[in-house]
Amino acid sequence: MTAPAVFLDRDGVINVDSGYVGHWDSFVFLPGAVDAMRTLCDAGYVLVIVTNQSGIGRGFYSEEDFHLLTAQMREALSEQGVSVAGVYFCPHLPEATLPQYRKVCDCRKPSPGLIHRAVHDLKIDLERSAMVGDKASDMQAALAAGISRRYQVVSGAPYEGCVAVTDLSAVCEALLTAN
């Protein structure tokens, strides 16, 4: 049996996007994000983080730094009753400073590679899933992957075909009242 997922971008959805967040000391959960994530877990959604991490390719922090921050984030979430099924990231970009990350790939959003990998690994039901992001590239990746419920955290107009929300708590309301 497959489960529905809520795919979450990280910076700007779960934590404050202060620019290239690569270390725990600069990671700050957005108000209400942890409670919203717990509510989604309790409602039966699998939580999956899909995040572009160009700060790695730009040399601002290493993959090891990212993995350490991710472990600390997951531990902090677990202590609050939130289970994250998977974290998928892309360190690549065509103009990366570090040559090993300088490439065009299928995992950098707006491409849907991260979502496809998670669906395969975690046996996710895409038809009942949703995507929450703050950038057009998040919404484009979700659309390309076949996710019909797309929520964009924006103060203005969302990407075409997406629902504008103020934060992750608003997504909970929309998803849980729709079921």
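One can find the structure itself at the top, above this paragraph.
Right, let's walk through the structure included here. (Residues numbered from 1 in each chain as written. Predicted model: local features only at pLDDT ≥ 70, side-chain atom pairs only at ≥ 80, totals over all residues. Heavy atoms only, no water.)

**Comments concerning the overall build of the protein chain**
Argument step 1. Counting its regular elements, the protein chain contains six helices and six strands.
Argument step 2. In the protein chain, the succession of helices and strands from N to C terminus is β-α-β-α-α-β-α-β-α-β-β-α.
Argument step 3. Over its C-alpha trace the protein chain gives a radius of gyration of 15 Å, about what one expects of a compact globule, namely 16 Å for 179 residues.
Argument step 4. Reported as C-alpha extents along the three principal axes, the dimensions of the protein chain are approximately 45 × 35 × 35 Å. (Helix = DSSP H or I, 4+ residues; strand = E, 2+ residues; numbered from the N terminus. Rg over C-alpha atoms; globule rule 2.2 N^0.38 Å.)

**Overview of the pattern of salt bridges**
Between side chains of opposite charge, a pair can form when the charged atoms approach closely.
Argument step 1. Per the counting criterion, the structure on display carries eight salt bridges.
Argument step 2. Between Asp 106 and Arg 117 there is a salt bridge, and its shortest N-O distance comes to 2.8 Å. With a gap of eleven residues between them, Asp 106 in the loop between β3 (84-90) and α4 (113-122) and Arg 117 in helix α4 connect regions that are remote in the sequence.
Argument step 3. Salt-bridge contacts for Asp 134 lead to Lys 135; the nearest nitrogen and oxygen are separated by 3.4 Å.
Argument step 4. Since its relative accessible area comes to 17%, Asp 134 is described here as buried.
Argument step 5. According to the relative accessible area criterion, Lys 135 is partly exposed, its value standing at 38%.
Argument step 6. Linked by salt bridges that have partners in common, Asp 9, Lys 109 and Asp 138 make up one network. (Salt bridge = Lys/Arg side-chain N within 4 Å of Asp/Glu carboxyl O. Buried < 20%, exposed > 50% of the residue type's maximum accessible area, 1.4 Å probe, protein only.)

**Some thoughts on the sheet that holds strand β4 (residues 130-133)**
Argument step 1. Spatially, the six strands line up as an open sheet ordered β3-β2-β1-β4-β5-β6, and their pairing is parallel. Two strands in the sheet have a free side with no partner beyond their single neighbour: β3 and β6 (163-165). Recorded for the sheet is a direction-independent mean angle of 20 degrees between the axes of neighbouring strands.
Argument step 2. Examined bridge by bridge, strand β5 (residues 149-153) and β6 share three bridges and lie parallel to one another. If you follow Gln 152 over to β6, its bridge partner there is Ala 164.
Argument step 3. Contacts from helix α3 (residues 63-79) reach β2 (46-52) and β3 within the one sheet, and its direction differs from that of β3 by about 155 degrees. (Pairing = 2+ DSSP bridges. Axes fitted to C-alpha atoms, helices over the stretch in contact; angles between N-to-C directions. Contact = heavy atoms within 4.5 Å.)

**Looking at the nonpolar core**
Argument step 1. By size, the foremost hydrophobic cluster in this structure holds 29 residues, and its most contacted members are Leu 8, Met 37, Val 132 and Leu 168.
Argument step 2. Contributing elements (two or more residues each) for this core: β1 (5-8), α1 (33-42), β2, α3, β4, β5 and α6 (168-178).
Argument step 3. Sort the elements by how many residues they give to this core and α1 lands first, with six residues. (Core = buried A, V, L, I, M, F, W, Y, C linked by side-chain atoms within 4.5 Å.)

**Structural notes on α4**
Argument step 1. Along α4, the residues that are buried comprise Gly 113, Leu 114, Ile 115, Ala 118 and Val 119.
Argument step 2. Contacts made by the buried residues of α4 are with β1, β2, β3 and α5 (136-145).
Argument step 3. Just downstream of α4 lies Lys 123, where phi reads positive at about 55 degrees.

**Regarding the pairing of β3**
Argument step 1. The element β3 is extensively covered by neighbouring structure, given that five of its seven residues are classed as buried.
Argument step 2. Sheet topology note: the β2/β3 ladder contains six bridges and is parallel. Across the sheet, residue Thr 51 finds its bridge partner in β3, namely Phe 89.

**Thoughts on the environment of Cys 172**
Argument step 1. Residue placement: Cys 172 occurs in helix α6.
Argument step 2. In this structure Cys 172 comes out as buried when scored by relative accessible area, which is 7%.
Argument step 3. For the pair Cys 172 and Gly 86, spaced 86 residues apart in sequence, the C-alpha separation works out to 19 Å.
Argument step 4. In contact with Cys 172, not counting residues within four places along its chain, are Ala 36, Thr 39 and Leu 40.

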